Every structure is written in C-alpha cells, then in structure tokens.
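# Observations on the model geometry
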Amino acid sequence: MTAIRPARDELLALAAAMRPDWQPRDLAGALAAAANNGWTWPRAFLATARLLADPDAVPRDLLAEIASPLERNARPLSPAANARHAAEAKAALDDSLRRPA
C-alpha cells in the first residue's frame, strides 16, 4: 500500500492557478485550522478540491466546514447562488400560475 503524503505547498500552488481571486494566506490558514482540528490530509485535500471546483466558494468555507463537521454544506449560499436559486423559484412559480387549473 502506498502512503499518502501531504502536499500542502502543491495544493496552494494549484489553488493559486485555479482561483486567482483567492488570497493564498486565507487558504493556508484554513488548511492549518483543518490540521489543528484533527483533519487528515486526505480529508482536507478533498474538501479543498470540492471548494476549488465551486465558483461561489471561498477559503473561509473550509473554516465553516471545520466548525460544523456534521453539515457538509455549512456555509451560507453566496449572493450569486441566492439570486440564481431565487430566479429559478420565481420561474417555476410563474410557470405554475400560467397553467390552467
């Protein structure tokens, strides 16, 4: 069995390439908090990878997940996500009101 080794610096470099809108120190701090709270490297890596792929995510979302480990999506929705969901709900409501009873 091959040991999984932490690759914090490489993950930070990947994050900088993928998410130039993120401050590197914010993610570094969140990864340190994860380690200080007993998260294994694979768990921290997977949580970070999920956030990197979410266009509305920010590094502090990892901190929220650390604080509320039982809630996978403990962070509130971003304003963009709220607006998108509201528009979808309004469209569905409008469609339902247009249908004959």
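Below is a short write-up of the structure.

Rules of the game
Residues numbered from 1 in each chain as written. Predicted model: local features only at pLDDT ≥ 70, side-chain atom pairs only at ≥ 80, totals over all residues. Heavy atoms only, no water. Helix = DSSP H or I, 4+ residues; strand = E, 2+ residues; numbered from the N terminus. Contact = heavy atoms within 4.5 Å. Buried < 20%, exposed > 50% of the residue type's maximum accessible area, 1.4 Å probe, protein only. Arc of directions from axis to C-beta.

Looking now at the environment of alanine 15. Here alanine 15 is to be found in helix H1 (residues 8–18). Considering only alpha carbons, one finds alanine 15 and leucine 52, 37 residues apart in sequence, at a separation of 6.8 Å. If sequence neighbours within four positions are ignored, alanine 15 has contacts with Pro20, Leu27 and Leu52.

Along H1, the residues classified as buried are Leu11, Leu12 and Ala15. The buried residues of H1 occupy an angular sector of 100° when the element is viewed end-on, so they sit on one face. In H1, the exposed positions angled more than 90 degrees off the buried face are occupied by Asp9, Glu10 and Ala17. Tucked inside the fold, the buried residues of H1 contact helix H2 (24–36) and helix H3 (41–52).

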